[in-house]
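This is what each chain is made of:
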Amino acid sequence: MKGAHHALCGAAAWVAVASTAPYTLGWYPVSPLGVVAGTLVCAGAALAPDADHHDATVAHSLPPVSEWVCDVVGHLAGGHRNGTHSLLGVGVLTAIAWGAGQVTVATDRLGELAVGAGVLSLLLVAFAARALGLARRRLDAWALAVALAAFVTVVAPTGWDWLPVAVGLGAAVHVAGDMLTGGGVPLLWPWEPRPPRWWRRTPVLNDLWSRGGNFAVPLLGTTGSWRERLLVAPLTAYAAYGVGAAVVAGSLTALGYDADRVLERAWEAAGALVTTATVVGAVTLRAPLPG
């Protein structure tokens, strides 16, 4: 799966899990600011497994720091599509995010600052900004990443627990996305079991468990296929909807309104409008033509 598509899937996943707007799951509800910030962090985390490749998009997102990080990760993971594309890799990335949230510094003016969470967010937001085209120049990527990382640094001590959830979710979405392509992933790395000979000779089965030990459900075909683009298109719209709803909810709350109630009434009105339009359209189509 292409880098930008990974990021968009991560953003949509965070909206589904963390937002409480209509048509979201709300399994891990956070504030509107948490939805917006977490969307970028989760999008960046959905690119993090590709930090095992020095030529990946993420390696050029925040040079020279991102290049150094990718060189180290690639060495530890055993190269591209190895350790970081496994269940163990998802667990390690989640643990790193949790550990980063524990690194704080006490200050007199601003109180306790979550320096570790801020540094991690710096990289992840830069990943997302580059992949999504939000920052095409190096300076723009640094500016956006530093701004959001500063926000996380100040806010995280009272609510940093969403960070490992966002990172783990993004990494899991990346692995799942690559499993849907023909190459598959070494899900059980460092154990890479090889299929028996009869399995390798059986059509369809040999696509699910390859000779090299990778597992796949290749519904999307090759990376960048039209099926992949078809999957990502509605997810992009969904992510934009979730972020937009969070911005509206945050603005309404700041103005003193009950955001949940206002949004609920808005959706009720929209539903009634759609129902009315459907009925009118059906009646119009059934009406006999003049003459």
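On a predicted model such as this, the values are computed, not experimentally measured, just so you know.

### Overview of the overall build of the chain
Item 1. Check the secondary structure of the chain and you find eleven helices and two strands.
Item 2. Along its sequence from the N terminus, the chain presents helices and strands in the succession α-α-α-α-β-β-α-α-α-α-α-α-α.
Item 3. Split into buried and exposed, the 291 residues of the chain put 43% on the buried side.
Item 4. Look at the contacts in the chain between residues 6 or more apart in sequence, and 68% of them connect residues 24 or more apart.
Item 5. Surface exposure of the chain reaches about 15,200 Å², of which carbon and sulfur atoms provide 68%.

### Observations regarding the side chain of Thr181
Item 1. With respect to the helices and strands, the residue Thr181 is situated in the loop between α7 (162-179) and α8 (197-200).
Item 2. Residue class for Thr181 comes out buried when judged on its relative accessible area of 2%.
Item 3. Filtering out sequence-adjacent residues up to four positions away, Thr181 remains in contact with Met1, Arg81, Ala216, Pro218, Gly221, Thr223 and Glu228.

### As for helix α5 (residues 115-131)
Item 1. The end-to-end C-alpha distance of α5, which contains 17 residues, comes to 25 Å, matching closely the 24 Å that a straight helix rising 1.5 Å per residue would cover.
Item 2. Burial analysis of α5 places 14 of its 17 residues in the buried class, which makes it a mostly covered element.

### Re the nonpolar core
Item 1. Counting residues in hydrophobic clusters, the biggest one holds 42 residues, and the most contacted among them are Val41, Val58, Leu120, Leu124, Trp162, Leu163 and Val167.
Item 2. Counting only elements with at least two residues in this core, the list comes to α1 (3-18), α2 (32-45), α4 (87-102), α5, α6 (138-155) and α7.
Item 3. Sequence-distant contacts of Leu163, that is, excluding residues within four places in its chain, are made with Val41, Ala97, Ala117, Leu120 and Ser121.

### Description of the packing of aromatic side chains
Item 1. All told, the structure shown has five aromatic pairs when counted by the stated rule.
Item 2. An angle of 50° between the planes, with centres 6.1 Å apart, marks the rings of Trp14 and Trp162 as tilted. Here the residue Trp14 occupies a position in helix α1, and Trp162 occupies one in helix α7, the gap between them amounting to 148 residues.
Item 3. Given a relative accessible area of 10%, Trp162 falls into the buried group.
Item 4. Here the aromatic rings of Trp198 and Trp199 are separated by 5.6 Å at their centres, their planes lie at 65°, and the arrangement is edge-to-face.
Item 5. Overall, Trp198 belongs to the exposed group, its relative accessible area being 54%.
Item 6. Among the aromatic residues, those joined into a ring-pair cluster are Trp198, Trp199, Trp209 and Phe215.

### Notes on the packing of α2 against α7
To characterise two packed helices, one gives the angle between the axes of the helices and the distance between these axes.
Item 1. Between α2 and α7, whose axes approach to 7 Å, the crossing angle comes to 40°. When the interaxial angle is binned, α2 and α7 end up oblique. Crossing of α2 over α7 shows right-handed handedness. Mapping the contact onto sequence places Ala37, Gly38, Val41, Cys42 and Ala45 in α2 and Trp162, Leu163, Ala166, Val167, Leu169, Gly170 and Ala171 in α7.

### Things to note about the environment of Trp209
Item 1. Inspection of the secondary structure puts Trp209 in the loop between α9 (205-208) and α10 (226-254).
Item 2. Residues Trp209 and Gly184, spaced 25 residues apart in sequence, show a C-alpha to C-alpha distance of 8.3 Å.
Item 3. When near neighbours in sequence (up to four residues on either side) are disregarded, Trp209 contacts Pro193, Arg194, Pro195, Pro196, Trp199, Asn214 and Phe215.
Item 4. Only 3.0 Å separates the side chain of Trp209 from the backbone oxygen of Pro193, close enough to count as a polar contact.

### Overview of the environment of Ala117
Item 1. Mapped onto the elements, Ala117 comes out in helix α5.
Item 2. With a relative accessible area of 1%, Ala117 lands in the buried category.
Item 3. C-alpha separation for the pair Ala117 and Gly101, spaced 16 residues apart in sequence, amounts to 4.8 Å.

### A few points about the layout of surface pockets
Item 1. Each pocket or cavity is described by its volume, and for the largest pocket that value is around 480 Å³.
Item 2. Along the walls of the largest pocket sit 21 residues, with Val73, Thr84, Val92, Leu93 and Ile96 positioned nearest its centre.
Item 3. When residues of the lining of the largest pocket are traced back to their parent elements, those giving at least two are α3 (65-77), α4 and α5.
Item 4. Of the residues forming the lining of the largest pocket, the biggest block, six residues, is contributed by α4.
Item 5. A per-class count over the lining of the largest pocket returns 18 nonpolar, three polar and no charged.

The rules behind each value
Residue positions are given per chain, counted from 1 along the sequence in the order it is written. pLDDT decides what is reported in this predicted model: residues at 70 or higher carry local features, side-chain atom pairs at 80 or more are listed and counted, and totals for whole chains, interfaces and linings draw on all residues regardless. Only hydrogens and water are set aside when side-chain values are computed; all heavy atoms of the structure are taken into account. Helical segments are the DSSP runs of H or I of at least four residues, strand segments are the runs of E of at least two, and each set is numbered from the N terminus. Think of it in three bands: residues with accessible area under 20% of the maximum for their type are buried, residues over 50% are exposed, and the middle band is partly exposed, with areas taken using a 1.4 Å probe on protein chains only. Here, two residues are considered to be in contact whenever any of their heavy atoms come within 4.5 Å of each other. Surface accessibility follows the Shrake-Rupley procedure with a 1.4 Å probe radius. Residue values consider only the protein chains on display as shielding. Every helix has an expected span of 1.5 Å times one less than the residues it contains. To form a nonpolar core, buried Ala, Val, Leu, Ile, Met, Phe, Trp, Tyr and Cys residues must be joined to one another through side-chain atoms within 4.5 Å. Stacked, edge-to-face and tilted labels apply to pairs of Phe, Tyr and Trp rings (six-membered ring for Trp) whose centres lie within 6.5 Å, assigned for plane angles under 30 degrees, over 60, and everything in between, in that order. Lines fitted to C-alpha atoms define the axes here, with helix axes fitted over just the stretch in contact, and angles between the N-to-C directions of these axes take values from 0 to 180 degrees. Angle categories: roughly parallel below 35 degrees, roughly antiparallel above 145, roughly perpendicular from 65 to 115, and oblique for all the rest. The sense of a crossing depends on the near helix, which, turned anticlockwise from the far helix by less than a right angle, makes the crossing left-handed and, turned clockwise, makes it right-handed. Two N or O atoms form a polar contact when they lie within 3.5 Å of each other; inside protein one atom must be a possible hydrogen donor and the other a possible acceptor, and for residues adjacent in sequence the pair counts only when both atoms belong to side chains. A 1.4 Å probe that fits into a set of points on a 1 Å grid over the protein atoms alone but cannot get out defines a cavity; an open set with protein on both sides within 12 Å along at least five of seven lines defines a pocket, and lining residues are those with an atom within 4 Å of a point. Grid points are joined across faces, edges and corners, and a volume is the space filled by probe spheres set on the points. Residues are grouped as follows: nonpolar covers Ala, Val, Leu, Ile, Met, Phe, Trp, Tyr, Cys and Pro; charged covers Asp, Glu, Lys and Arg; every other residue, Gly included, is treated as polar.

Shape is all these values report; function is a separate question.
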